[in-house]
Each structure stands twice: as structure tokens, then as C-alpha cells.
Amino acid sequence: MAIGVLRAFGVGATVARGALNWILSDQKSSGLVRTNFRGRQVTLAGGPALAIGATAGAVVGAPGMRAKAAALTAGAVSGAVGFYDDVAGNRPEQQGVRGFAGHLGALRDGQVTTGLVKIAGVGAAGLVASSLLGSGHTGFRRGVDVLLGAGVIAGMANLVNLLDLRPGRAIKAGLVTGVPLAVGPGGGIAAGTLGAAGALLPADLGEDVMLGDSGANALGALLGVALAARTGTAGRLLALTVLASLTAASEKVSFTKVIAETPWLRAADELGRQPVA
């Protein structure tokens, strides 16, 4: 079991670094440059690199074909629709729409936003992945478990994305969440995901790359798969309740402000990051 976990971690890290170098070698990668929170030019190449590496590592580490298919679906689809939003969402007509309510409002006006495509894609991927994981029950109880699992996968993807507002923050949150999931039965899914995230953390902290929706959604979705794979009805319900509460709180409270005003959270958040002048 330990060898499998280490193999998944190594595959995730190796593939993520290789994917990053491959993306940066493409002349079109210049179109991925964005301005970060302090006004520096940073590439979004870290996002698809993490999505590819984390998905590969999670698939290698997943126990059984159905779990492998679940990891592949959640990681690949979440990363792909996130990348679409990163690229197409940069267009002027898309930039004014923010939040779930904003995307629904745009839809009522006849505009299908890239953010709405991402939300639908992540939700669908979560439902398919959760169906593949299944549960130990049949009939109605199985249906409940699948829906709860889908909510956990999509909710985790969204929460990690909400945290991706400062260098390294999303990956650090992923590491805190994923390390316990990498220990014990089925830990390979989380281990492969963490391998990719850890390999790109120095570049993220150094503001050489940023994750964007592609990397953050894939990271969160795969951790959601790892969590759903190890929990039953009660565990999934508890996880979904926590995720829904944090997501609702984000509509009212700035996580960045809370972190800045809480000394131990601020210290952890700033660890390894370049100081702000």
C-alpha cells in the first residue's frame, strides 16, 4: 500500500513538472500571461500542468478501475472547463460577471458565460465520478450517496478555487486537506494529487505561475473524489454541509480579510511567499 501511494505521488509530481515545461515551450503560451494581485505578469500555465499531473497521479493511485475512471473524469473535466474559463473568460464581454448569482442572471438575459459552462462542467463531472464510486448501498440509499458525493466533489473544487487569490494559498489548503486522505486505504488518489500540487508549489509561491480555475478546480475535485471514496452517507453529508457553509460564507465575508486579521492564518498564508513591498 505504501509503495502504491509513493508511486502515485511520484507520478503526479513528475507529470506536473513535465507538463509545465511542455506548455511553456509552446509559443502560444504567451497568451496565458495574466496580472496577479500585486501587478506582476504571471503565466497561467501552472493550472493545466497541475490538472494533468494531478489527474495522472490520482489515476495511478486509485484502487480499481471504477475509482480510476472517477479520478480521470473529475480531474480531466474540471481542469478542462476551468482552463476554458481562464482563457475565454478573459474576454471583455465576460469579465463583468462574477459569482453564481451573476452567471444565472446573465443566463436569464440570454448570455451563456464561461463561468456557467465551468460550473455545469464541474457539476456533471462530479456526478459521473460519484456514480462510478458508488456506495455500499442499493436503490434509494445509493442514489442519495451518489448525490452527496457529487456535491462533495463539486463543492471541494469550488472552495479551492475561491481560495486561489494569493500565491500558494490554494495548494497549501489542498495539502492540509489531502495529507490525511493520503493515509490509509485508498490514499493513492490523494497522494497523486498532492504530488502534482507539491511539485508546483515553489513556482506558485515564487509567482512564476498561477493556478487559475484550471488548476484550482482540478485540485479540489480530485481531493473531493478522494474524500467521497473514503466516506459513507454520514461522512459525505458532513463534508457537504461544511463545504456549503464555507461557500455561503464567502458570499458575505472576504476570506482574504479573515486570513489577514487572524495572526496564525496570516503566518501560514504568507509562509514561503515573497514579501509585499
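What you are looking at is a predicted structure, and each value in this text was computed from that prediction instead of being measured.

About the cut-offs
Residues numbered from 1 in each chain as written. Predicted model: local features only at pLDDT ≥ 70, side-chain atom pairs only at ≥ 80, totals over all residues. Heavy atoms only, no water. Helix = DSSP H or I, 4+ residues; strand = E, 2+ residues; numbered from the N terminus. Rg over C-alpha atoms; globule rule 2.2 N^0.38 Å. Buried < 20%, exposed > 50% of the residue type's maximum accessible area, 1.4 Å probe, protein only. Contact = heavy atoms within 4.5 Å. Areas by Shrake-Rupley, 256 points an atom, 1.4 Å probe, with all protein chains shown as cover. Lys, Arg positive; Asp, Glu negative; His and termini not counted. Charge placed at Lys NZ, Arg CZ, Asp CG, Glu CD. Patch = residues over 30% accessible without salt bridge, like charges linked within 9 Å, V, L, I, M, F, W, Y side chains within 5 Å. Salt bridge = Lys/Arg side-chain N within 4 Å of Asp/Glu carboxyl O. pLDDT = per-residue confidence, 0-100. Core = buried A, V, L, I, M, F, W, Y, C linked by side-chain atoms within 4.5 Å. Expected span 1.5 Å × (residues − 1). Arc of directions from axis to C-beta. Axes fitted to C-alpha atoms, helices over the stretch in contact; angles between N-to-C directions. Left-handed = near helix turned anticlockwise from the far one by under 90°.

1. Topic: the overall build of the chain
- For the chain, the count of helices and strands is twelve helices and two strands.
- Walking the chain from its N terminus toward its C terminus, one meets helices and strands in the order α-β-β-α-α-α-α-α-α-α-α-α-α-α.
- The C-alpha atoms of the chain give 18 Å as radius of gyration, which agrees with the globular expectation for 277 residues (19 Å, within 12%).
- When its C-alpha atoms are laid out on the principal axes, the chain stretches across 55 × 50 × 40 Å.
- Across the 277 residues that make up the chain, the buried fraction comes to 49%.
- Long-range pairs, those at least 24 residues apart, make up 77% of the contacts in the chain between residues at least 6 apart in sequence.
- Carbon and sulfur atoms provide 67% of the accessible area of the chain, an area that totals close to 12,700 Å².
- Across the chain, the mean location of the 23 positive side-chain charges is 7 Å away from that of the 15 negative side-chain charges.

2. Digging into a nonpolar patch on the surface
- On the surface, a nonpolar cluster with roughly 260 Å² of combined accessible area is contributed by Leu238, Val242 and Leu246.
- Within the element layout of this structure, Leu246 appears in helix H10 (residues 233-250).
- Residue Leu246 is classed as partly exposed on the basis of its relative accessible area, which comes to 34%.

3. Here's the deal with the confidence of the model for the chain
- Here the chain shows a mean pLDDT of 89. Residues at 70 or above account for 91%.
- Ranking the helices and strands of the chain by mean pLDDT puts helix H2 (residues 46-61) first, with 97, and helix H4 (residues 99-108) last, with 55.

4. What to know about the nonpolar core
- Grouped together as the largest cluster of nonpolar side chains are 57 residues, with contacts concentrated most on Leu50, Ile171, Leu219 and Val225.
- If sequence neighbours within four positions are ignored, Leu50 has contacts with Thr55, Ile171, Ala196, Ala197, Leu200, Leu211, Gly215 and Leu219.

5. Re the side chain of Asn161
- Structurally, Asn161 is set in helix H6 (residues 139-163).
- For Asn161, a relative accessible area of 15% gives the class buried.
- Discounting chain neighbours no more than four positions away, the residues touching Asn161 are Lys118, Gly212, Asp213, Ala216 and Asn217.

6. What to know about the environment of Ser131
- Along the chain, Ser131 falls in helix H5 (residues 114-133).
- The spacing of Ser131 and Ala150 is 19 residues in sequence and 8.1 Å in space, taken between C-alpha atoms.

7. Notes on the pattern of salt bridges
- Overall, the coordinates contain six salt bridges when judged by the stated rule.
- The salt bridge partner of Glu207 is Arg40, with a shortest N-O separation of 3.9 Å. Of this pair, Glu207 sits in the loop between helix H8 (188-205) and helix H9 (212-229) while Arg40 sits in the loop between strand S1 (33-35) and strand S2 (41-43), placing them 167 residues apart in sequence.
- For Arg40, a relative accessible area of 32% gives the class partly exposed.
- The salt bridge involving Asp85 is made with Lys118; its shortest N-O contact spans 3.6 Å.

8. Some words on H10
- For H10, built from 18 residues, the straight-helix expectation of 26 Å at 1.5 Å per residue is met to within 8% by its first-to-last C-alpha distance of 26 Å.
- Looking only at H10, the buried set comprises Thr233, Arg236, Ala239 and Leu243. All buried residues of H10 lie within an arc of 135 degrees about the axis, which places them on one face of the element. Of the residues in H10, the exposed ones pointing more than 90 degrees away from the buried face are Ala234 and Leu238.
- Here the buried face of H10 lies against H5, H6 and H9.

9. Considering the packing of H6 against H9
- Put simply, H6 and H9 touch, their axes get as near as 7 Å, and they point 145 degrees apart. As for the relative orientation of H6 and H9, their crossing is right-handed in sense. Here Gly149, Val152, Ile153, Met156, Ala157, Asn158, Val160 and Asn161 of H6 come into contact with H9, specifically with Gly212, Asp213, Ala216, Asn217, Leu219, Gly220, Ala221, Leu223, Gly224, Val225, Leu227 and Ala228.

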